[in-house]
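Breakdown of the fold
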Amino acid sequence: QNSRMDRKPAPRKGFFKYSHGMYLISMSDQDIYCNLENVWLHLKDPDAPEVSIMDYDEKESFSIESIFDVYKYSSKAQYQGQENVSGVSAHKIYIAIADPDLGYNQATIWVNARTNMPLKVKLKDRNQTETIYEFSNFKKNQGFTKNDFEFNVDKFKGDVYDETE
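Here goes a summary of the coordinates provided. These numbers were taken from a predicted model, which means no experiment stands behind them.

Once that is clear, we can look at the environment of Phe 15. With respect to the helices and strands, Phe 15 occurs in strand β1 (residues 14-19). A C-alpha to C-alpha distance of 5.3 Å links Phe 15 and Ser 26, two positions 11 residues apart in sequence. Setting aside residues no more than four positions away along its own chain, Phe 15 makes contact with Leu 24, Ile 25 and Ser 26.

Bringing the sheet that holds β1 into the picture now. Spatial ordering of the open sheet is given by β1-β2-β3-β4-β5-β11, a layout of 6 strands whose pairing is mixed. Edge positions in the sheet fall to β1 and β11 (159-162), since each has one partner strand and no second. Sheet twist, expressed as the mean angle between neighbouring strand axes with direction ignored, is 10°. Judged from the 4 bridges that link them, strand β2 (residues 22-27) and strand β3 (residues 30-34) form a sheet pairing that is antiparallel. The residue bridging Leu 24 from the neighbouring strand is Tyr 33, located in β3.

Another aspect to go through is the sheet that holds strand β10 (residues 130-134). Spatially, 5 strands are ordered β6-β7-β8-β9-β10 in an open sheet, and the strand pairing comes out antiparallel. Here the strands that pair on one side only, and so sit at the sheet edges, are β6 (75-85) and β10. With direction set aside, neighbouring strand axes in the sheet form an average angle of 15°. Where strand β7 (residues 88-97) lies against strand β8 (residues 106-112), 7 bridges are found, and the strand directions are antiparallel. The residue of β8 that forms the bridge with Ile 95 is Ala 107.

Scoring rules and cut-offs
Residues numbered from 1 in each chain as written. Predicted model: local features only at pLDDT ≥ 70, side-chain atom pairs only at ≥ 80, totals over all residues. Heavy atoms only, no water. Helix = DSSP H or I, 4+ residues; strand = E, 2+ residues; numbered from the N terminus. Contact = heavy atoms within 4.5 Å. Pairing = 2+ DSSP bridges. Axes fitted to C-alpha atoms, helices over the stretch in contact; angles between N-to-C directions.

Now the structure itself:
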């Protein structure tokens, strides 16, 4: 008998594009586009595809920077040695975050020992819920434009819910 606490969440794979705060997260069942003006949530259900369009709000919207900027908050860091992440040597850093305004209070970051780029980030909230991000095939300076972070509604065949003001 498995309790809910015994189950590990299944990792979700996809790809991620990022440039100057704008991003695209693409997974098999959904895409999230953000151009810092709007956010598009595209659900890829083959029977009922839909896209919701919302105004971007820096304070309310998901921020990719929050993954990389955990060290900026009122926190204490502890170096926990080196570990391998997917076969790559990484420095493991634990951060206890004291800022009550953040949605999480603990972070562990694995930093590639050769490139100093993040390989993995684990965030834990006050309810002990963990969110884990793993990065692979990292490529810098890809020359993305704003159009790379906008969903093309004109070519979309499905329901569109425009919640922008």
